[in-house]
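Residues per chain, in single letters:
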2 protein chains.
Amino acid sequence: MLKIIQQNEQLSIYFKDELIIHHTTKEPAFFVGEGKETIDSYRGNFDIDDYIKTRIPLSQVEVNEHTVIFRHDDLELTLSLSVEENRLVGKFFLNQPMNRFWFRLYADKEESVYGCGEQSSYFNLKGRDFPLFTSESGVGRDPNSLTTFYANLKDKAGGYYYSTYYPETSFVSSRKYWFHLDTYAYSIFNFKHTNFHEFLTWEVPQGFILSKKNHYTELLTDLTDVTGRPPLLPDYLLDGMVLGVQGGLDQVLSYLKQAKDKGVNVSGLWCQDWAGYRFTTFGKRLYWNWKLNESLYPNLPNVIKELEKENVHFLSYICPFLLENESLFLEAESQGFLVLNQKNESYKEDFGEFYCGIVDLTNPDAYDWYKGIIKKNLIALGIRGWMADFGEYLPIDCKLHNEVDAVLMHNEWPVLWAKCNYEAVAETNNLGKVFYFMRAGGYGSQRYATSLWAGDQSVNWEIHDGIASTIPAALSSGIIGNPFTHSDIGGYTSLHGNIRSKELFDRWCEMNVFTSYMRTHEGNRPKENFQFYHDDDTLNHMARMTQIRLALKPYIKHLFHEATLLGFPVQRPLFFHYEKDEKAYQLQYQYLFGKDMMVKPVVTEHQEKMDVYLPDDDWIHLWTGIHYQGGIITVDCPVGYPPVFYRKKSSFAFIFESITKTYR
Amino acid sequence: MLKIIQQNEQLSIYFKDELIIHHTTKEPAFFVGEGKETIDSYRGNFDIDDYIKTRIPLSQVEVNEHTVIFRHDDLELTLSLSVEENRLVGKFFLNQPMNRFWFRLYADKEESVYGCGEQSSYFNLKGRDFPLFTSESGVGRDPNSLTTFYANLKDKAGGYYYSTYYPETSFVSSRKYWFHLDTYAYSIFNFKHTNFHEFLTWEVPQGFILSKKNHYTELLTDLTDVTGRPPLLPDYLLDGMVLGVQGGLDQVLSYLKQAKDKGVNVSGLWCQDWAGYRFTTFGKRLYWNWKLNESLYPNLPNVIKELEKENVHFLSYICPFLLENESLFLEAESQGFLVLNQKNESYKEDFGEFYCGIVDLTNPDAYDWYKGIIKKNLIALGIRGWMADFGEYLPIDCKLHNEVDAVLMHNEWPVLWAKCNYEAVAETNNLGKVFYFMRAGGYGSQRYATSLWAGDQSVNWEIHDGIASTIPAALSSGIIGNPFTHSDIGGYTSLHGNIRSKELFDRWCEMNVFTSYMRTHEGNRPKENFQFYHDDDTLNHMARMTQIRLALKPYIKHLFHEATLLGFPVQRPLFFHYEKDEKAYQLQYQYLFGKDMMVKPVVTEHQEKMDVYLPDDDWIHLWTGIHYQGGIITVDCPVGYPPVFYRKKSSFAFIFESITKTYR
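Engineer: I keep staring at the relation of the copies chain B and chain A and nothing clicks. Help me out?
Structural biologist: The operation relating the two chain copies consists of a rotation about an axis and a shift along that axis. Superposition of chain B onto chain A requires a rotation of 180 degrees combined with a translation of 0.0 Å along the rotation axis, giving an RMSD of 0.0 Å. What we have between these two chains is a two-fold relation. Rotation axis and chain B: the residue whose C-alpha lies nearest the axis is B:R55, separated from it by 2.3 Å. Both copies share a contact surface, since 100% of the interface residues of chain B are interface residues in chain A too.

Engineer: What's the story with the environment of A:A426 in this structure? I'm lost.
Structural biologist: Residues and elements named next belong to chain A. In this structure, A426 sits in helix α9 (residues 413-427). A426 sits in the partly exposed class, given a relative accessible area of 27%. Each C-alpha atom of the pair A426 and P231 lies 9.8 Å from the other, and the pair is 195 residues apart in sequence.

Engineer: When you look at helix α2 (residues 216-227) of chain A in this model, what are you seeing that I'm missing?
Structural biologist: Because each turn of an α-helix spans 3.6 residues, side chains separated by three or four positions in sequence point in the same direction. Residues and elements named next belong to chain A. Under the 1.5 Å per step criterion, the end-to-end length of α2 is 16 Å for twelve residues, consistent within 8% with the ideal 16 Å. Among the residues of α2, those classed as buried are Y216, L219, L220, T221, D222, L223, T224 and T227. Two residues or fewer past α2, G228 is found with a positive phi of approximately 90 degrees.

Engineer: Help me understand the sheet that holds strand β2 (residues 10-15) of chain A in this model?
Structural biologist: Sheets are built from strands paired through backbone hydrogen bonds, the pairs being either parallel or antiparallel. Residues and elements named next belong to chain A. If you trace the three strands from one edge of the open sheet to the other, you get β1-β2-β3, paired in antiparallel fashion. At either margin of the open sheet sits one strand with a lone partner, and together these are β1 (2-7) and β3 (18-23). Across the sheet, the axes of successive neighbouring strands diverge by a mean angle of 20 degrees, strand direction being ignored. Sheet topology note: the β2/β3 ladder contains five bridges and is antiparallel. Residue pairing across strands places Y14 opposite L19, the latter belonging to β3.

Engineer: I tried to follow the interface of chain B and chain A on my own but got confused; where do I start?
Structural biologist: Frequently, the measure chosen for interface size is the accessible area that the parts lose on association. Contact residues are listed per partner, giving 25 residues for chain B and 25 residues for chain A. Between chain B and chain A the total buried area reaches about 2000 Å² when both faces are included, carbon and sulfur atoms providing 53% of it. Considering only the side of chain B, the residues that lose the most area to chain A are B:Y51, B:K53 and B:F149, jointly responsible for 31% of the buried surface there. At the junction of chain B with chain A, the criterion picks out four salt bridges. A salt bridge links A:E27 to B:K53; the shortest N-O distance between them is 2.8 Å. Taken together, the links from chain B to chain A amount to 18 residue pairs in polar contact (both at pLDDT 80 or more). When residues of the side of chain B that touches chain A are traced back to their parent elements, those giving at least two are β5 (45-57), α1 (146-155) and β16 (196-201) of chain B.

Engineer: Looking at this model, I keep getting lost on the packing of aromatic side chains. Mind explaining?
Structural biologist: Two aromatic rings are characterised by how far apart their centres lie and by the angle between their planes. Residues and elements named next belong to chain A. Counted under the stated rule, the structure contains 153 aromatic pairs over all chains. Note on Y114 and F123: the rings are 4.5 Å apart at their centroids and 40 degrees apart in plane angle, and the pair reads as tilted. Pair check on accessibility: Y114 and F123 agree, each one buried. Three or more aromatic residues joined by ring pairs make a cluster, and in this case those are F30, F70, F92, F101, F103, F171, Y177, F179, F189, F191, F199 and F208. In this structure, R519 packs its charged tip against the face of W270, placed 4.7 Å from the ring centre.

Engineer: How should I be thinking about the side chain of B:T493 in this particular structure?
Structural biologist: Residue and element names in this part refer to chain B. Residue placement: T493 occurs in the loop between β29 (485-486) and α12 (502-512). A residue is classified by how much of its surface remains accessible, and T493, at 5% relative accessible area, is buried. Beyond its immediate chain neighbours, meaning those up to four positions away, T493 contacts V139, D456, Q457, S458, V459 and N524.

Engineer: Looking at this model, I keep getting lost on helix α6 (residues 327-334) of chain B. Mind explaining?
Structural biologist: All names here are of chain B. Taken together, the buried positions of α6 are L328, F329 and A332. The buried residues of α6 occupy an angular sector of 100 degrees when projected down its axis, which confines them to one face. Of the surrounding elements, those touching the buried residues of α6 are β23 (321-323), β25 (355-358) and α7 (364-378). One or two residues past the end of α6 sits G336, with phi positive at roughly 70 degrees.

Engineer: I'm lost on the sheet that holds strand β22 (residues 313-318) of chain A in this one. Help?
Structural biologist: All names here are of chain A. With respect to topology, five strands assemble into an open sheet ordered β18-β19-β22-β26-β27, the strand pairing being parallel. The sheet terminates laterally at β18 (241-244) and β27 (435-437), the two strands that pair on one side only. Across the sheet, the mean angle from the axis of one strand to that of its neighbour is 25 degrees, orientation sign disregarded. Two elements, β18 and strand β19 (residues 266-270), share four bridges in a ladder whose sense is parallel. Each residue of the ladder has a partner; that of M241, found in β19, is V266. Contacting β18 and β19, helix α4 (residues 249-261) crosses the sheet at an angle of about 155 degrees to β19.

Engineer: What's the story with a negative patch on the surface in this structure? I'm lost.
Structural biologist: A cluster of like negative charges, contributed by A:D73, A:D74, B:D73 and B:D74, occupies part of the molecular surface. With respect to the helices and strands, A:D73 occurs in the loop between β7 (67-72) and β8 (75-84). Judged by relative accessible area, A:D73 falls into the partly exposed class, the value being 37%.

Engineer: Looking at this structure, how should I read the pattern of salt bridges?
Structural biologist: A pair can form between side chains of opposite charge whenever their charged atoms are brought close. Considering all chains together, one arrives at 90 salt bridges over all chains under this definition. Of the charged contacts, one joins A:K553 and A:D235 as a salt bridge, the two residues approaching to 3.7 Å between their closest N and O atoms. With A:K553 in helix α14 (residues 553-566) and A:D235 in the loop between α2 and α3 (236-239), the pair connects residues that are 318 residues apart, well separated along the chain. Among the residues examined, A:D235 registers a relative accessible area of 34% and is labelled partly exposed. Of the charged contacts, one joins B:R439 and B:D389 as a salt bridge, the two residues approaching to 3.5 Å between their closest N and O atoms.

Reading guide: rules and limits
Residues numbered from 1 in each chain as written. Chains lettered and ligands numbered in written order. Predicted model: local features only at pLDDT ≥ 70, side-chain atom pairs only at ≥ 80, totals over all residues. Heavy atoms only, no water. Least-squares fit on C-alpha atoms with pLDDT ≥ 70 in both. Contact = heavy atoms within 4.5 Å. Helix = DSSP H or I, 4+ residues; strand = E, 2+ residues; numbered from the N terminus. Buried < 20%, exposed > 50% of the residue type's maximum accessible area, 1.4 Å probe, protein only. Expected span 1.5 Å × (residues − 1). Pairing = 2+ DSSP bridges. Axes fitted to C-alpha atoms, helices over the stretch in contact; angles between N-to-C directions. Buried area = accessible area lost by both parts, 1.4 Å probe. Salt bridge = Lys/Arg side-chain N within 4 Å of Asp/Glu carboxyl O. Polar contact = N/O pair within 3.5 Å; in protein donor to acceptor, adjacent residues only side chain to side chain. Phe/Tyr/Trp six-rings, centres within 6.5 Å; stacked < 30°, edge-to-face > 60°. Lys NZ or Arg CZ within 6 Å of the ring centre and 35° of its normal. Arc of directions from axis to C-beta. Patch = residues over 30% accessible without salt bridge, like charges linked within 9 Å, V, L, I, M, F, W, Y side chains within 5 Å. Areas by Shrake-Rupley, 256 points an atom, 1.4 Å probe, with all protein chains shown as cover. Lys, Arg positive; Asp, Glu negative; His and termini not counted. Charge placed at Lys NZ, Arg CZ, Asp CG, Glu CD.

Dropping the structure here:
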C-alpha cells in the first residue's frame, strides 16, 4: 500500500499507487524557516503580514524503511510513515525549533481540490491560495464591489475571497483522496502551482493523514469515520420551517399565528432576543447576558410546553461573550473564568458601542461552568435549539488559561466552543432532539457542531457575499464532512445601501427547501428590510414551499440518515455521484440534494429562464414533469419554480411525481 | 575611514564611524534564494506576485582585510569593500546563480529615510516597504478612495501608495548618508524594521555605494557628483509661464493673445498635439506619429521664429511609441527597430482603442535612428522643449535586441529614453537652451532628464493623487539628485467623476510659482474641465502670479545655478537647511524653495487659514511683511496668497520686500 522509492536524488512516496510526495534535491518536499507576523485585528477581521526571514530547503534525504529524514546541515525533519486502518499516516519531528514549515504534496496538472473549511467564493480551490485563519467572513468579500469598498472604509470589514468563519487544513482531491494536516496554527494552503500543493503552517504540524478510496461516497464515510459525524437533526426540522422572529412573546406568537393562518408549516420559532436586545448604529443587537428576559418572554417554560403540543419548538441564541458588568460577566470574572489581557485584566472585546468579556474555554472549570449555563439557562427551559454564534473572534493578544499562544489557539477556539455546546446537549441526553447552528468552525466541527449556518450574507445578489455564496459554502464544508448546513433565509447584513427585497427573500426561501432546514432571519436592520409578515404573497409562497418540503420528508429523512451514518452531505457537488463527468467538477452554483435531486437555485435578480447542466442520466423537471437525458438545457424559473430535477430511477420517484402533480 | 570588526559571531562594518552593516549568525546581513514571479500587466500597471522558494541565511562570515565572505555551506557571497573618493564602495560576487538577494543595512531606531525615486504618497519611507518597478503611478492611489475603486474596476489602474513612474534603488538617510544599490532589477526596499533596512532584488546587484557627509548640502553635491547633474534650464522659463494649449495654430495663438492681453507673462506655448490628435473614450489623445501636422500647425518654423522675437517659445511632445501602420512605425519595422513579441513580430502595446510599436532603445541603430527623429522632427523645426512622455511601459513579455530579459530591463528603460533625448539635445549643442520634461525615471535620470514633471495627477484634492501629492513627489525625487521638477498646473486625470474646478486650477497655479517652472495642462478631457481661457478672473490671477515669478527671477536663477553646480534641489525638505530641527524631518506638504523661502501650498479645498511650522529663524510673511521667529503660526491664505515666507537674512531680501510692497 505504501511504497517509498529512492533513486539517485529523487524520492517518491506512493500510497495505493498514487504518488503523494515527490522530492528532488532541487524541488524538495519540505522547507522550514523563521518568520515574524504582524497582525492587526478589528472586530473579528484580521490583517496579517508575514515577514519570512528564512526558508530553507530540506534537500537531502535518507530513507530507513518507513522513516524518511529530510535534512539541511544539522536541520533534520523526521517523517515517520505508517498505514493505519487503510490510511496513510505521517508524523513529523523537527530537531530544532522553527516557526515556519512548508510541505509540498505532489499535484497532478488536472487535479481539482475542494474544502479547506467553508469557502464561500470558490469551491474548486485550484489556482488560488487560501490563508486559513478563522475570522468574520467579510462584507462584500470582493474588491470590485462597492459594498466591500464602504465596509473597508468604515469598519475594515470588507474581507477577501478566502475570508471564512470556518477554515480547515483538510481537503478532498479529484484524485479521490482526502488529506488533513494536523495543526490549528495559521496556515496558507496554496494550490497555485502545477505540480505540487504547498502548505505553509506557523508551527511544525504533528503530522498528516491521507486516505484514498475508489469513490467519493466511500471517501466521505472514511473521512467522517476519522472526524466524527453529527447526530441526527431533530425530526421537527422536517415538518416545517423555523421562523426567525423577535420582539417579545406577544409579537412572535402573532407572527406564528399569521403564518399558520396562511398555511405555512411552522415547526420552530427562533427568538434570538430571548435575553433582551438593544439598538446600535449597526442595527438591532442582542443583550449579551444569557438569561431569559422575563418581561419580553413571560412564563416561557409553560409557553414552550403549549407550543410543543402544536409541534412548534422554541429556539434561542448564545455566544461565548458576556456583556461587561452584567451578571454572567461578573460571575465569570469573580471566578477567573474570563480570558485576560496582557495586564492580567479581563479582556474586553469591542463590539461597537458595547464591550464584552470572553469565557476562557481552555480553562476546564470555566468550560464546565459555561456548559452548565447552556444546560440551565437554555436546555432546562425547554429550548430545543439555538444559534451558537461567534467563535472566530479570539483576540491574538489575549492570555489564556492553558498558556498556549492565542495566535496558535485562534483556529481551535471554534471547535472548543462547538464541543462545549455538544457536551451540554449530550450530557442532558438530548442528542438528536436538541440542536444548534454555528458559523465558526474548524477540524472537529464535523462531530461537535450539530449543524452549520453560512453566516452573515449581504441581503443582495452579489456573487461573493449574497445569496449565491451560500452554495459553494455548503459544498465546501460538506465535502470535508459537515453534512448539515443552511443559511439565513433572506440574508442578514443590510449595510452600505443594501436593502433586502421581496424577490431576494422569496428566492432564498425556495432555495432553502433544498438544504438541511429552513430558517428565516429578520437581518441586522429589521425595520428597513423586507419581512415576510408584511406581505401576503410571500406568506403564500412560504406556505407552498413548506408544503413541498413536508412532501419531501421521507426523502430528506433518508438524506439525514445518510449524513449521520455515512457522512454524505445533504448538499453534494455533482461529481459526488457523477465521477466521470468532467463538467461536474467545475460547477459551484448547482448541486445534488441527495443523490436523486438536482438543484440550481436562482441567485440572480429578475431571472426568468435558466441554463442547467445535467449529467448523463434520466432527469425529470420537478415542475413540469418534462424528461431530460442530460446536457445543457433551458427551463423557465419564475419565483416558486427554481430549476429542480429528480432522477427518474429514484426509489423516491413516487414522492417527486406527486409534487409535480400538486405543485406544477 | 572603513573599519571591519569581527568579534565571535558578530561582524560590524563602520564607515566614518557610522555602523553600516551589522551581521550576526542569527541575524545575518545577507540572504540569497530562488523565487518565481508572476506578473500581470495592463497598460502600464503591473500586478506582481512573487513566490519565494528559498531564502537562505548566509550566516557564516570570514574576513580577509577588506573582503568579507558570507557563507552557507558552499554558497559564498564575496563582498569586496573599498573607499573610493571618500565613499564606501561594495562589490558583490556570488559563486552560484540565484535570482533573489536580500541585503540588510544597519538601521537606527530613530532614523528617517527619503528617496527611492519619486514617491508621491510618503516622503519619509520609514515604516513601510516600497516595491520599485516603474509603472503608471495610479489613479487615486488609495484603496479608501472611490477614484481608485472605479479606476481598478474599469482599468486595473488604481495604483498603490508606492506606484511610481520613477523608482530608484537610492535613498538619503537622516544619518546623513546616501546609499545606492547598483541594480535595475525589480526590488523591494523595506523600511519596516527597527534595526535594519532590507533590500530585496531579483538579481545579485553589482554592488553598492554609500557616502556620508556632515551636512545635507554636501551630501547632495556628493550624490550628484556620482549621478551627474542636469544642464541649466533655459532662461525663458524664468520669464513667464508655459501655456499648455492645443487645437491648431490659430487656436493656440488666440489663447496666447488672450493671456498676454490680460498681462500674463507667457514665455512658452506647449502644443502637445503638434503631430495631430484623436478622441477615445479616455479623452483627447495625441496622434502618435511624431511628424508635424501641417494642417494643424501650418508654416510652423516661421511662426516659431516670429514667436521667439516676443520671447515665446514653442514646445511639443514625443514618446517612444509609434502608432501602428503609420509612417514612423513602418520605417522602424522595416529596419527591425521595434521591440518584438515572443513570435518575433512587432510588439503592439494596447493603449485603449489604438496600438503602438515600441522603438527598441537597446538596439544602437534604433536608438540612433530615434535620436535622429528628435533632432530632425523636433529640434530642427525650432522646437525648444517637449514632454518626453512614457518610459514606464516596457512590457515584461517582449524580446529586446540586447537579449536581456525584459523584466530586468524594465527599470532601466526610462533612463535609456532620457539618454536618447539628452543626446539629441547635446549633439545639436542645445544643452541649456532646449529642454524636455519626463515622468518616468531611474538611476541616471539625474543627468539625462533635463527636468521631471510629476505625471498625471487627478484633477482633485485627494491626498494621494491630487494636488498635494506633487509635493512629496518633488521632495523625494529632489533628495536623490533631481533638482528640477514641476507638475501640470490644474492636474491631468479627469475620470470617475473628478472634474477640475477653478479653485483647484488657481491653487495649483499659485503653488507652481514656487517650483522649477510653470506650465499648464488642459487635462485628458479639456472640454469638461475648467480652463483658464474661459475665466477672466483666473487670467488675472495668472498675470499676477507670473509677475511675481518674474520678480523672483534673480533668486530662482540662483536656485537653478545651485541645482546644476551643486545638485541642490529647487524644492527642498526643511531638514535640508535645518538639520537639528526634529520636526523638519516629518513634514511633507511644506518645503523650502531654495534656502530663503518657505512654502506651504494650499492643497485642500476652501481653506481660509493655515497652520505653518517655521523652524527657528527670522521669517517674514511674503504677503503682509509680518515677522515670525519660528514655531507653529497661523496665517490667512485666500487664493493668490498661499503661505509663503522668506528669511529676513536672505541676500535676496530686497527682492522679497519689493514683492511684499507690490503684491500684498
